[in-house]
Amino acid sequence: MRVLVSGGAGYIGSHTVVRLVAAGHDVVVVDNFGNAKPAVIDRLEALTETNIPVHAFDLTDKDKTEHLFASEQIDAVIHFAGLKAVGESVQIPLDYYQNNLESTFSLLRAMRRHGCSSLVFSSSATVYGDNAPVPYQEDYEPLSAASPYGRTKVMIEHVLRDVAHIDPVWRIAVLRYFNPVGAHPSGTIGEDPQGIPNNLMPFIAQVAVGKRDRLQVFGADYPTTDGTCERDYIHVEDLAAGHVAALNRIAMSNSPIRTWNLGTGTGTSVLEVIHAFERASGRTIPYDVVARRAGDLPAYWADPARANEELGWRATHTIDDMCADTWRWQSENPHGYEDAAPPDE
Ligand code: NAD
Ligand code: UD1
């Protein structure tokens, strides 16, 4: 299949591009490079030993999106493109609603006009809101989210259900990711957050490599095994494989839309992640326990049974694998993709 990967220069998109090529698909990338560096494309071409066509524009531009579909024969779309920082979404909600919703509308319209009906969408465990029983199961309702970022995911899930309901030619996979971490085992692509990382794993990695002094552990008084929050960390390589499996599944499916959790089914505490990273890196991670972060839930993880059964997919990487691969990427690229830039002179 010729697969359009929106946000294909980003963290999860780039790893999925490698998997798609390995599975025999042709890949076309569209990305506005708002949160990605062009150097990632060179790394992807080296890893896959293929030429990857890249369209550098903003998907909220309907005309350019239409032109892309007119100029390329696209069989399926994996839609990663979106803004994703929870805290930032509270500060600039309109930017989040506009970017995440309009890019999706523009894609859906162009796909429909050009007879392309297979779509894999990046949703998030955040749509389970604050009250879903753990482990989270796909049929839980009502969806809700505590941030504008999360609400864009809830809204897009509803939009996708509505279009699939009225037009059953659609084949849509909604994938709810838990906490993606890790990097490609080559150490050449990985997560490259701009500024201070919001998330735990990239923060720990930057402490280990000496870019930051200490980690703050947000609360050790939760009702969990060691008092710190528990999350379902999933290796980005497993996540990427889940997208290829979902693409195969919807190609054979009779139903216009289906939702799958992509998680391991296991919770890991903040302290367990720190200790795993210390083992992987051989470095000590200094940390201080500070107050809870507003909005954090104590503990949640996926019930991945539906994806295991229906997609024939299972997360196989352990937390030690996730830390080892994050450390390889971080230690070999301490400044992320900036390390790939040529010298000034
Ligand atoms: P990322 O920021 O690394 O990748 C997103 C890519 O989309 C970036 O390269 C960015 O430049 C591009 N982009 C954003 N808006 C665009 C637009 N309007 N037009 C064209 N390109 C645009 O993020 P990621 O971590 O790879 O996440 C991918 C998707 O998965 C996002 O939709 C995100 O919300 C979702 N998700 C991520 C996580 C996570 O922890 N990383 C968890 C759950 C869901
Ligand atoms: C966060 C988002 C979630 C998003 C996900 C993407 C919030 C409230 N939730 O999830 O919507 O889908 O990222 O991966 O922002 N922690 C520390 N110190 C740090 C950073 C994090 O102790 O410096 C703790 C947090 O309290 C949390 C755990 O580590 O318990 C994981 O945090 P993080 O990586 O930010 O992910 P989530 O909060 O689970």
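Residues numbered from 1 in each chain as written. Chains lettered and ligands numbered in written order. Predicted model: local features only at pLDDT ≥ 70, side-chain atom pairs only at ≥ 80, totals over all residues. Heavy atoms only, no water.

Caption draft 1: Highlighting the overall build of the chain. Along the backbone of the chain there are eleven helices and 13 strands. The principal-axis extent of the C-alpha atoms belonging to the chain is close to 55 × 55 × 40 Å. The buried share among the 345 residues of the chain stands at 53%. Taking the contacts inside the chain whose residues are at least 6 apart along the sequence as the reference set, 80% of them involve residues at least 24 apart. (Helix = DSSP H or I, 4+ residues; strand = E, 2+ residues; numbered from the N terminus. Buried < 20%, exposed > 50% of the residue type's maximum accessible area, 1.4 Å probe, protein only. Contact = heavy atoms within 4.5 Å.)

Caption draft 2: Seen up close, the nonpolar core. Judged by nonpolar contacts, the single largest core of 43 residues is most densely connected at Val 17, Leu 20, Val 27, Leu 175, Leu 262, Leu 311 and Trp 313. Where this core is concerned, the elements lending two or more residues are strand E1 (2-6), helix H1 (11-22), strand E2 (26-30), helix H2 (39-48), strand E4 (76-79), strand E6 (171-177), helix H8 (236-251) and strand E11 (257-262). Of all hydrophobic cores here, the second largest spans 24 residues; its members include Leu 215, Tyr 222, Cys 229 and Leu 271. (Core = buried A, V, L, I, M, F, W, Y, C linked by side-chain atoms within 4.5 Å.)

Caption draft 3: Quick look at the layout of surface pockets. Considered as a void within the structure, the second largest pocket measures approximately 260 Å³ in volume. Glu 191, Asp 192, Pro 193, Gln 206 and Lys 211 are the residues nearest the centre of the second largest pocket, which is lined by 23 residues in total. For the lining of the second largest pocket, the secondary structure elements donating two or more residues are helix H7 (200-208) and helix H11 (319-332). A total of four residues in the lining of the second largest pocket trace back to one element, the largest contributor, which is H7. A per-class count over the lining of the second largest pocket returns eight nonpolar, nine polar and six charged. (1 Å grid on protein atoms, 1.4 Å probe; cavity = no way out; pocket = protein on both sides within 12 Å on 5 of 7 lines; lining within 4 Å. Points joined across faces, edges and corners; volume = space filled by probe spheres on them. Nonpolar A, V, L, I, M, F, W, Y, C, P; charged D, E, K, R; others polar.)

Caption draft 4: Spatial organisation of the site of ligand 1. Lining the immediate environment of ligand 1, one finds 26 residues, of which Ile 12, Asp 31, Asn 35, Lys 84 and Asn 99 sit closest. Between ligand 1 and the protein, one listed contact pairs a nitrogen atom with a side-chain N or O atom of Asn 99 at 2.8 Å. Between ligand 1 and Lys 153 there is a distance of 2.9 Å, counted from an oxygen atom to a side-chain nitrogen or oxygen. Contact with the protein chains covers 94% of the free accessible surface of ligand 1, which is 810 Å². Where the shell around ligand 1 is concerned, the elements lending two or more residues are H1, strand E5 (118-124) and helix H6 (148-166). Considering only residue class, the shell around ligand 1 consists of twelve nonpolar, ten polar and four charged. (Near = heavy atom within 4 Å. Polar contact = N/O pair within 3.5 Å; in protein donor to acceptor, adjacent residues only side chain to side chain. Areas by Shrake-Rupley, 256 points an atom, 1.4 Å probe, with all protein chains shown as cover.)

Caption draft 5: The sheet that holds E5, seen in detail. Spatially, the seven strands line up as an open sheet ordered E3-E2-E1-E4-E5-E6-E11, and their pairing is parallel. Both edges of this open sheet fall to strand E3 (54-55) and E11, since each of them pairs with a single strand only. Where E5 lies against E6, seven bridges are found, and the strand directions are parallel. Looking at the pairing, Leu 119 lines up with Ile 172 of E6. (Pairing = 2+ DSSP bridges.)

Caption draft 6: Representation of the site of ligand 2 within the structure. Every one of the 18 residues lining ligand 2 counts as a neighbour, but Leu 200, Gln 216, Arg 231, Arg 293 and Asp 296 are closest to it. Here an oxygen atom of ligand 2 and a side-chain polar atom of Asp 296 are 2.7 Å apart. Alone, ligand 2 offers 730 Å² of accessible surface; in the complex the protein occludes 87% of this. No other element matches the four residues that strand E8 (residues 215-218) contributes to the shell around ligand 2. In the shell around ligand 2, the residues fall into nine nonpolar, six polar and three charged.

Caption draft 7: Layout of H6. Between its first and last C-alpha, H6 extends 27 Å over 19 residues, near the 27 Å set by a 1.5 Å rise per residue. Along H6, the residues that are buried comprise Pro 148, Tyr 149, Gly 150, Thr 152, Lys 153, Val 154, Ile 156, Glu 157, Leu 160 and Ala 164. Buried residues in H6 make contact with helix H4 (86-91), helix H5 (93-113), E5, E6 and E11. (Expected span 1.5 Å × (residues − 1).)

Caption draft 8: Spotlight on unusual backbone geometry. In this structure, Pro 135 follows Val 134 across a cis peptide bond, with omega equal to 0°. Checked against the element boundaries, Pro 135 lands in the loop between E5 and H6. Following Glu 141, the chain continues into Pro 142 via a peptide bond in cis, with omega recorded as 0°. When you line up the elements, Pro 142 lands in the loop between E5 and H6.

Caption draft 9: Looking closely at the packing of aromatic side chains. For the coordinates displayed, the defined rule picks out eight aromatic pairs. Seen in terms of ring centroids, Tyr 128 and Tyr 136 are 4.6 Å apart; in terms of plane orientation they differ by 35°. Their pairing is tilted. When its relative accessible area of 0% is taken as the criterion, Tyr 128 is described as buried. For Tyr 136, a relative accessible area of 2% puts it in the buried group. (Phe/Tyr/Trp six-rings, centres within 6.5 Å; stacked < 30°, edge-to-face > 60°.)

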